[in-house]
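Tertiary structure, described
The chain contents come next:
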Amino acid sequence: MRKTITTTRLQKVVNEAYEECKDIQGGVNAHYIPYLANVDSNLFGVSVILPDGSSVNIGDTDYIFGVESISKVFTAILILKELGPQKVLQAIGADATGLPFNSIFAILLEKDHPSTPLVNAGAISACSLVEPIGDSDGKWKTIMDNFEDLCGERPAVIDELYKSESETNFTNRAIAWLLKSYDRIYDDVLMSLDLYTRQCSIGVTSRMLATCAATIANHGLNPVTGKQVFPGELTPKITSLISTVGFYQTTGDWLYSSGIPAKSGVGGGVLGVLPGVMGIAAFSPPLDTAGNSVKAQAVVKTIMQKLDLNLFN
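Note that the structure is predicted; figures quoted are calculated from it, not measured. (Residues numbered from 1 in each chain as written. Predicted model: local features only at pLDDT ≥ 70, side-chain atom pairs only at ≥ 80, totals over all residues. Heavy atoms only, no water.)

1. Here's the deal with helix H9 (residues 170–181)
Taking 1.5 Å per residue, 12 residues should reach 16 Å; H9 reaches 17 Å between its end C-alpha atoms and fits that length. Of all the residues in H9, the buried ones are Asn172, Ile175, Ala176, Leu178 and Leu179. On an axial view of H9, the arc spanned by its buried residues comes to 165°, and they lie on one face. Opposite the packed face of H9, turned more than 90 degrees from it, sit the exposed residues Phe170 and Ser181. Two residues or fewer past H9, aspartate 183 is found with a positive phi of approximately 60°. (Helix = DSSP H or I, 4+ residues; strand = E, 2+ residues; numbered from the N terminus. Expected span 1.5 Å × (residues − 1). Buried < 20%, exposed > 50% of the residue type's maximum accessible area, 1.4 Å probe, protein only. Arc of directions from axis to C-beta.)

Have a look at this one:
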């Protein structure tokens, strides 16, 4: 998809969308993780980056929040780059579950398969595949280097969030051991679970997420740093994964109403990719019942409608 958008036009549209959506009410913070429950629910920011590196930012775009499930996109890119699409398909899969992000039942329905790197089971499995195998410190460095390449700057773990996540990840522990029983964890179980928990606790801004989204949209070339982060032929693979399960059990509704592949996180972030056109990110902590930011969804949809953009046009 190719469509040219001027920065002037984009600035006008983003400003209008922000004003229209800033007073939207509804949703609650992710209360089951103590750190996230206490984040200011009034925070709201939107960032858009074009393939030429120009950007528009409005609101709380420098606020650092937990990346949470959006980290799954980063690690999916990493293992696609390290292992190739076919190996990822064989080891994890690329199938939408139609179920909540932490569903154990989905693993059973898929007959032992993690389904996709963009649900919890698949993301834990993906962390086990990150190289070098058997080396926790080496794996973590690889994960962080990948984040830096995609975001254009190096993030850091929010220690308090990591502590909260580690103390409350009971379901993920069950998922990890179930996957181990099916030989779908490819390294040490507890190491893989900890890597996943840590990557979900990385702090990002909407600017950083928009840079990642724009890098995907720009066929692996980071438009801010000029670095080729991954081969361009991986963009369709990454975008297809996001398209099929980015909003979990409400993904179909999202694509139908927005027209842009996007990935949410319970920290309140949304990352959207329109290949060849732009990367977009929005942040607002209150979530709907599926775990997706109410206000971030609204503003991304509004921007797409105002720009008359849709992946399926």
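2. Some words on unusual backbone geometry
The omega torsion across glutamate 131 and proline 132 is 5°, close enough to zero to call that bond cis. Along the chain, proline 132 turns up in the loop between helix H6 (120–129) and helix H7 (136–151). Of note in the backbone geometry, tyrosine 248 takes a positive phi value of approximately 55° without being a glycine.

3. Considerations on the sheet that holds strand E8 (residues 278–283)
Pairing is antiparallel across the open sheet formed by 5 strands, whose spatial order is E2-E1-E8-E7-E6. A single partner strand is all that each edge strand has here, and the edge strands are strand E2 (55–59) and strand E6 (262–264). Going across the sheet, the axis of each strand differs from the next one's by a mean of 10°, ignoring polarity. As defined by bridge partners, E6 adjoins strand E7 (residues 269–274) across 3 bridges and the pair is classed as antiparallel. Bridge assignment links serine 264 to a residue of E7, and that residue is valine 270. (Pairing = 2+ DSSP bridges. Axes fitted to C-alpha atoms, helices over the stretch in contact; angles between N-to-C directions.)

4. Details of the side chain of serine 164
Relative to the elements of secondary structure, serine 164 occurs in helix H8 (residues 159–168). Those residues within four positions of serine 164 in sequence are excluded, and the remaining contacts are Ile33, Pro34 and Tyr35. (Contact = heavy atoms within 4.5 Å.)

5. Thoughts on the side chain of serine 243
Note on placement: serine 243 falls in helix H12 (residues 235–245). A distance of 2.7 Å separates a polar side-chain atom of serine 243 from the backbone oxygen of threonine 239. Discounting chain neighbours no more than four positions away, the residues touching serine 243 are Thr251, Leu255 and Pro261. (Polar contact = N/O pair within 3.5 Å; in protein donor to acceptor, adjacent residues only side chain to side chain.)

6. Remarks on the packing of helix H13 (residues 251–258) against helix H14 (residues 294–306)
In the contact formed by H13 and H14, the axes pass within 9 Å of each other and the chain directions differ by 35°. Along its contact with H13, which presents Trp254, Ser257 and Ser258, the element H14 presents Gln297, Val300, Lys301, Met304 and Gln305. Its residues assigned to classes, the contact of H13 with H14 shows 3 nonpolar, 4 polar and 1 charged. (Nonpolar A, V, L, I, M, F, W, Y, C, P; charged D, E, K, R; others polar.)

7. Some words on the sheet that holds strand E4 (residues 156–157)
Two pairing modes exist for strands in a sheet, parallel and antiparallel, and in both the strands are linked by backbone hydrogen bonds. The strand order across the open sheet formed by 3 strands is E3-E5-E4, and the pairing between neighbours is antiparallel. Here the strands that pair on one side only, and so sit at the sheet edges, are strand E3 (65–66) and E4. As paired elements, E3 and strand E5 (residues 202–204) share 2 bridges and run antiparallel to each other. Residue phenylalanine 65 lies in a different strand from E5, and its bridge partner there is valine 204.

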